[in-house]
Amino acid sequence: MKKVLVIGAGFLQDFVILKAKSMGYETLAVDANPDAIGFKHTDKYKVINIVDEKACLEYAQAEKIDGVLTAATDYGVLTAAYIAQEMNLPGLNYDVAKLIKNKYRVRKCLYEHHVDDTEQAYEIDKDTDLNKLCESIIFPVMVKPCDGSGSRGATRVDCNEQFFDACQIAMDSSITHRAVIETFIVGKEYGAESLVVNGEIHVFGIMRKWMTEPPYYAELGHAIPTDLPVDVEERARQCVESAIKALGINSGSVNMDMLITDEGKIHIVDIGARMGGNMIGPCIVPYGTGVDYLANMIQNAVGDEVAIERSSHGAVATRLLAFDDGVVRQLPDFNALEQEYGVEIYHHMEIGQKINEYHTNLDGYGYVVAKSSKIDDAIMTAEKVLNIIKETAF
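So, here's what we can say about the structure. (Residues numbered from 1 in each chain as written. Predicted model: local features only at pLDDT ≥ 70, side-chain atom pairs only at ≥ 80, totals over all residues. Heavy atoms only, no water.)

1. Examining empty space enclosed by the protein
Under the counting rule described, the total for this entry stands at three cavities of 30 Å³ or more. For the largest cavity, the calculated volume is near 250 Å³. Around the largest cavity sit 19 residues that line it, and Val68, Leu69, Leu92, Gly252 and Ser253 are the ones nearest its centre. Going through the elements one at a time, β4 (67-70), α3 (77-87), β12 (252-260) and α10 (293-302) are the ones with two or more residues in the lining of the largest cavity. Looking at the lining of the largest cavity residue by residue, the classes come out as twelve nonpolar, six polar and one charged. If you add up the space inside the second largest cavity, you get close to 70 Å³. Every residue lining the second largest cavity is listed: Ile100, Lys103, Val106, Arg107, Leu110, Lys144, Glu182, Ile268, Val269, Asp270 and Ile271. When residues of the lining of the second largest cavity are traced back to their parent elements, those giving at least two are α5 (103-112) and β13 (266-272). Split into classes, the residues belonging to the lining of the second largest cavity amount to six nonpolar, no polar and five charged. (1 Å grid on protein atoms, 1.4 Å probe; cavity = no way out; pocket = protein on both sides within 12 Å on 5 of 7 lines; lining within 4 Å. Points joined across faces, edges and corners; volume = space filled by probe spheres on them. Helix = DSSP H or I, 4+ residues; strand = E, 2+ residues; numbered from the N terminus. Nonpolar A, V, L, I, M, F, W, Y, C, P; charged D, E, K, R; others polar.)

2. Concerning the packing of α5 against helix α8 (residues 230-247)
At a minimum axis distance of 10 Å, the contact between α5 and α8 shows a crossing angle of 110 degrees. Considering the angle they form, α5 stands roughly perpendicular to α8. For the pair α5 and α8, the sense of crossing is right-handed. On α8, the residues touching Val106, Cys109 and Leu110 of α5 are Ala243, Ala246 and Leu247. Residues of the contact of α5 with α8, tallied by class, amount to six nonpolar, no polar and no charged. (Axes fitted to C-alpha atoms, helices over the stretch in contact; angles between N-to-C directions. Parallel < 35°, antiparallel > 145°, perpendicular 65-115°, else oblique. Left-handed = near helix turned anticlockwise from the far one by under 90°. Contact = heavy atoms within 4.5 Å.)

3. Concerning the pairing of β13
In terms of residue burial, β13 counts as a mostly covered element, since seven of its seven residues are buried. In this structure, β12 lies alongside β13, joined through six bridges in antiparallel fashion. Each residue of the ladder has a partner; that of leucine 259, found in β13, is histidine 267. (Buried < 20%, exposed > 50% of the residue type's maximum accessible area, 1.4 Å probe, protein only. Pairing = 2+ DSSP bridges.)

4. A look at the sheet that holds strand β2 (residues 26-31)
Taken together, the four strands give an open sheet; going across it, the order is β3-β2-β1-β4, and neighbouring strands pair in parallel fashion. Each edge of the open sheet is held by one strand with a lone partner, namely β3 (44-47) and β4. Taking each pair of neighbouring strands and ignoring which way they run, the sheet shows an average axis angle of 20 degrees. Here strand β1 (residues 3-7) pairs with β2 via five bridges, running parallel. Its bridge partner lying in β2, leucine 5 is registered against leucine 28. On the sheet, α10 packs against β1 and β4 and is oriented at approximately 135 degrees with respect to β4.

5. With respect to the pairing of β2
Most of β2 is tucked away, with six of its six residues classed as buried. Side-chain alternation along β2 places Glu26, Leu28 and Val30 on one buried face and Thr27, Ala29 and Asp31 on a second face that is also buried. Regarding topology, helix α1 (residues 11-22) serves as the crossover connection from β1 to the parallel β2, and that connection is right-handed. Pairing between β2 and β3: four bridges, direction parallel. Looking at the pairing, leucine 28 lines up with lysine 44 of β3. (Right-handed = clockwise from strand over helix to strand, strands pointing away.)

6. Remarks on the packing of aromatic side chains
Each aromatic ring pair is summarised here by two numbers: the centre-to-centre distance and the angle between the ring planes. All chains considered together, the criterion is met by eleven aromatic pairs. An angle of 75 degrees between the planes, with centres 5.6 Å apart, marks the rings of phenylalanine 15 and tyrosine 346 as edge-to-face. Separated by 331 residues along the polypeptide, phenylalanine 15 in helix α1 and tyrosine 346 in strand β16 (residues 343-347) bring together distant segments of the chain. On the numbers, 4.0 Å between centres and 15 degrees between planes, the contact of phenylalanine 39 with tyrosine 45 is stacked. Through successive ring pairs, a cluster of aromatic residues spans Phe11, Phe15, Tyr346 and Tyr367. Here arginine 319 stacks its cationic end above the ring of tryptophan 210, 4.2 Å away from the centre of that ring. Across from the ring centre of tyrosine 287, 4.2 Å away, lies the NZ or CZ of lysine 371, which sits over that ring. (Phe/Tyr/Trp six-rings, centres within 6.5 Å; stacked < 30°, edge-to-face > 60°. Lys NZ or Arg CZ within 6 Å of the ring centre and 35° of its normal.)

Written out as structure tokens, the structure is:
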């Protein structure tokens with residue numbers, strides 16, 4: 001029985017843990033939270049901060065693991081790559097992992113290889129002369145941390161007066177206290193999910209996305225298939241492949257976010273060398289494409305043969321349980337909602353719980369997943385169930 005180590009044991013990593021166990025792998029995990037939900041389902045675990053590369057490596061070596069991966073968090077990417085390198089296991093090249101952690105270096109690489117249509121980009125830190133830089137910037141711009149997950153610390157800036165506060169927020173949200181400034185693009189946001197197996201790129205799907213209004217730009221939901229013209233979606237796939245090649249991503253999952261304008265111009269805005277969050281791995285890709293993403297990802301991590309097959313599939317749409325400030329006064333009958341509307345609901349809501357206004361993915365309280373033969377029906381159902389939950393809970 002091969003051993004697989006999952007870096008992180010939170011809600012979204014738990015899907016990977018459960019899948020690995022169901023496939024017959026001995027499953028281990030590390031997480032800084034002693035109450036992490038994934039620990040309930042692993043064969044073994046240890047409480048370790050997932051950014052502590054050396055401590056995680058020592059645990060991996062002691063357990064003689066056969067594979068390592070992370071999912072749905074950028075914070076475990078370097079650690080997984082470091083363990084793979086030191087133990088000669090399948091995995092992302094460690095130097096490439098370090099490159100991808102820096103959004104400015106990623107943007108510079110994409111620009112030099114003419115991967116997409118984005119141009120203006122700057123990197124800043126505490127020593128940057130922001131007054132001087134401000135003189136050369138063409139507004140509007142997006143200011144965001146050089147590292148981290150989701151949309152935390154990202155702000156649209158339209159003028160000089162907003163610039164300095166936005167830069168400070170972004171740097172404060174960065175582990176390395178650095179931020180990147182890019183041209184703000186007016187377009188719709190889409191996602192892409194891929195897996196690299198032995199250097200071969202498999203783009204599983206392009207996903208439609210819904211986002212919050214400025215200034216936060218946090219995800220509200222996904223859907224497959226998209227509303228893009230066929231030729232534009234194909235070019236998006238080509239941009240994804242070109243980006244993976246330009247960055248030298250040799251193995252593992254790749255999650256991308258991109259903006260696509262009405263004219264069909266494509267701008268890659270973020271790349272993560274791991275499975276995407278927000279139910280992309282367990283629900284959106286398999287329901288929308290027929291690909292058993294989690295199984296493929298785990299097999300790839302332990303060096304087993306990966307057979308990527310597309311089985312029957314339809315349309316899928318998700319909605320995050322994202323709310324305004326408030327207190328949960330009662331919970332709907334989630335099982336009844338699932339039965340009546342044919343959806344899946346994942347939540348961590350309790351009566352009396354104080355709810356924070358949704359600004360980033362960390363403010364979400366779960367998901368509604370709707371499947372149908374038609375995408376419009378899936379979208380409508382997910383939205384309807386979300387509204388019922390809102391009306392009942394508050």
